[in-house]
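A structural walkthrough
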Amino acid sequence: MEIGAFEVFENKVILRIQNRICETADEVLSSALFRDILNRGLKELSHKKSMLMNIFPDGNYGEEDIDVLIKTLKFLTKMPGDMAPNVVPGSAVFLKDRALLNDFTEYLYNYWRQFERFIICDSTDSDMDKRPYRTFNDTVELLTNLIRRTYRDIQENITNSHSRIYRQVIAGAEVAVISVPRKIPFADPVYERLNDIPMIRQILLHPPLILNPPMNKRSGKFERVQKNPIAHIEFNKNEWLCYPALVGPLVVLIYFHKKFFELGFSLCNLFRLAEDKDLERKPDAVYAFGAPEWPADQFGGALTPFYDDEKTDILAAAIPNSNEFGYFGYLKKMVLTLHNIKMMRAGKLPFHGALLRIILKGNKAATVLFIGDTGAGKSETIEAFRELGQENIQDLIVIADDMGSLEKNKQGEIIGYGTEIGAFLRLDDLQPGYALGQIDRAIIMSANEVNARIILPVTTYENLIKGHKIDFILYANNYDNVDDEHPILEKFNASDEAIKVFREGTVMSKGTTTSKGLVHSYFANVFGPPQYKELHDPLAREFFNAFYTAGIFVGQIRTRLGLSGWERKGPEEAAKELLKVIRERTT
C-alpha cells in the first residue's frame, strides 16, 4: 500500500490521498516517499561528510545498500537488532555500531520533520467532506501516530532499551485539508476555468505552525490595470487550491499555487471559510496568488495588478509566484484592497484600522475605531487593553483588527464592521509573554527574522458582521512624543481639522514594508482609496461631517510605537488614558 501520491517541492512535502493511507510501519518504510526522503537525507549527510555516513562501509552507498538499510529498518520495527543478521542478509554492517545507527535514525526522523508537511484529501469521488472529523482521524492522526511509533520501535530495538521521556511531537502532517470540486456560478468563461481547481471545505492544523516563507516584508501598492489578469493565466488544477474566504460581507475566492501552500493554508487563522450557502452566488472577487510570471509589459509593468470587471461586477487580481512576493502581507492586503473597493462602490467608507467594543466594569461601554497605517500601534493598543482587562474591563470585543468599513444608518448613526476573524501581528510589538500564551493556536512566520509575525484568531465572524455604533474615532499617531502641548489623547474640534490629519496619513514606519522613517499615505490606507480617489474623496467628506453630527469623539491618540523605547509602554499608556476618557464620557 502506497503512502499516497506525493511531491517534495522546495521545503514542502505535499501528500494527496483519495481513500485510505498506509496503516503499518512496513507500508511506511516501503513507500516511495520514505525512499525519497531517505535519499535526500543521505545526500545531505554525504555532502557534509558526516560521521553518520559510517553506517555504510567506507561511508559509500548504492541502491542495493539502501535496499538493505530499508529491510533492516523494517525488521527493527518488529524484532530486536540481535536477531536481524540471521534474517536480513547484509544487515550486520548497520548494527556493528548501534549507537551510530541510533543517531542516524534520530537524524532521519528530524530531517523528515524539518519539511513543511501538508495532506490534501481529495473528496472528488468520496464523501470525505461530509465526515471531516473521521477523515482527519484516518489521515493526519493516523500518520502522525504511525510515524512516531515506527521511529520509537526502531530505536528501542536498536538500543534494547525503553525511553524514559516521550515527546509527542507532530511527526506526520502539520496541515490537512479536504478539497472538493465546486461549480461556482461565474457566468463568464474567463472565470469558469477556475471551477477545475479543488476548493477547500475543511482544514485541520496542528499549532503552533512555524513557517519560514521566502519573504518577510511587503513593498509598493496594488495597481489597477485595464486587462483582466485571470484571462492571461494558465491554471494547472493539480498545482492550485482555492480558499473561499468571507471578507466582511463579501465572498472572495483566493486561489493559491503550491509554491505558496503554507501561506494559503494560513488564511484559516485570518478569514472565515465560506459555507456552502455562500458559494451559491457569484463571488465578489477572485485572486490568483502565485501565478506564472508574466512578461514585463503584460499589465503595463504592474506586478501586483487588479482589474475592475464592470461587466460581471467581479474584481480580479493576481500576483506572480516569485519569491519576492512570498509574504503573507501580499496575500492579506490584496484581499482587503478588493474589499475596500467594493465598500466604496456601495457608499460605505473603508478604514485601515482596528475597531473594538470596550465594556468596562459597571456597564460603561464604548466602541472605538483606531485608524492608522501599518505599525501605527492599532493592534498593539488592543493588546494593551487585554493586559488591563482584569482590573478595568468586563469584556473586550474585537470587531476589526486591520480593515473594515463604516456606514450611516437611517438614524444618522455611524455603524462599523470588520473583515477578519484573525490578526497578523508583529511579534516584537506584543506584550511580553502574550504570544507564548497564545501559542496553542498560533501560526508564526519568519520567527528568526526582522518583522517576525504571528497570525491569531481574535474574534468571531458574527462579531465583525453584526454592526456596532461608533463612539470614538482616533488617528493612531505613533511618531509624536507626549508633552503638555501634545497630550496622549487629543480631540479635534472641527471636521476640517480632523480630515487634514487623517488625509495626511503620517506614520513612523517600523520596517514592516520596505519604507522606513516618517512616511505619508492617503488616509493611512493605500489599499483601495488612492486608486479610487474619485469615489473616496466625497465619501470621506460626507462621513467626517456625519461623525460630528452624530456626536462622535474624533481625535488622535499618541501610541509612540514608532519611538525607540516606547514600543510596549507607549500603547499601554495610550490604553490607560483612553479608559479614563471613556469613564468620563459615560458617567
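Counting from 1, residues in each chain are numbered in the order their sequence is written. Local features in a predicted model are, by the rule used here, given only for residues with pLDDT of at least 70; side-chain atom pairs are given and counted only at 80 or more, and totals for whole chains, interfaces and linings are based on all residues. Note: side-chain values were computed over all heavy atoms of the structure, leaving out hydrogens and water.

The buried label goes to any residue with under 20% of its type's maximum accessible area, the exposed label to any with over 50%, and the partly exposed label to all in between, with areas taken from a 1.4 Å probe on protein chains only. What counts as a helix is a DSSP run of H or I of at least four residues, what counts as a strand is a run of E of at least two, and both are numbered from the N terminus. For strand S12 (residues 305-309), the buried fraction is high: four of the five residues fall into the buried class. Here the rule is simple: two strands pair whenever DSSP picks up at least two bridges between them. Here strand S7 (residues 223-225) pairs with S12 via three bridges, running parallel. Pairing of valine 225 across the sheet is with tyrosine 307, part of S12. Linkage of S12 to strand S13 (residues 314-320), two consecutive antiparallel strands, is achieved through a turn of four residues, within which aspartate 313 is found at a positive phi near 60°.

To define a nonpolar core, start from buried Ala, Val, Leu, Ile, Met, Phe, Trp, Tyr and Cys residues and group those joined through side-chain atoms within 4.5 Å. Counting residues in each nonpolar core, the largest one holds 81 residues, and the members touching the most others are Phe502 and Phe547. Throughout, a contact is declared for two residues whenever any of their heavy atoms are within 4.5 Å. If near-sequence neighbours (up to four positions away) are discounted, phenylalanine 502 is found in contact with Ile371, Ile473, Leu474, Tyr475, Phe492, Phe523, Ala524, Phe544, Val554 and Gly555. Membership of the second largest hydrophobic core comes to 52 residues, among which are Val28, Leu45, Leu52 and Val140.

When charged atoms on two side chains of opposite charge get close, those side chains can pair. The term salt bridge refers to a side-chain nitrogen of Lys or Arg lying within 4 Å of a carboxyl oxygen of Asp or Glu. Tallying each qualifying case throughout the model produces 35 salt bridges. Taking the shortest distance from any N to any O, the salt bridge between arginine 558 and glutamate 490 comes out at 3.0 Å. Highlighted residues: arginine 558 in strand S27 (residues 553-558) and glutamate 490 in strand S24 (residues 489-491), separated in sequence by 68 residues. Residue classification places arginine 558 among the buried residues on the basis of a relative accessible area of 2%.

A cis amide bond links proline 207 to the next residue, proline 208, at an omega of 0°. On the secondary structure map, proline 208 appears in the loop between strand S5 (199-205) and strand S6 (209-211). In this structure, lysine 49 is a non-glycine residue whose phi angle is positive, near 55°. On the basis of relative accessible area, lysine 49 is assigned to the exposed category, the value being 73%. Within the chain, alanine 524 stands out as a residue other than glycine whose phi angle is a positive 55°. With respect to the secondary-structure elements, alanine 524 resides in the loop between strand S26 (517-520) and helix H16 (533-549). Alanine 524 gets classed as buried once you look at its relative accessible area, which sits at 0%.

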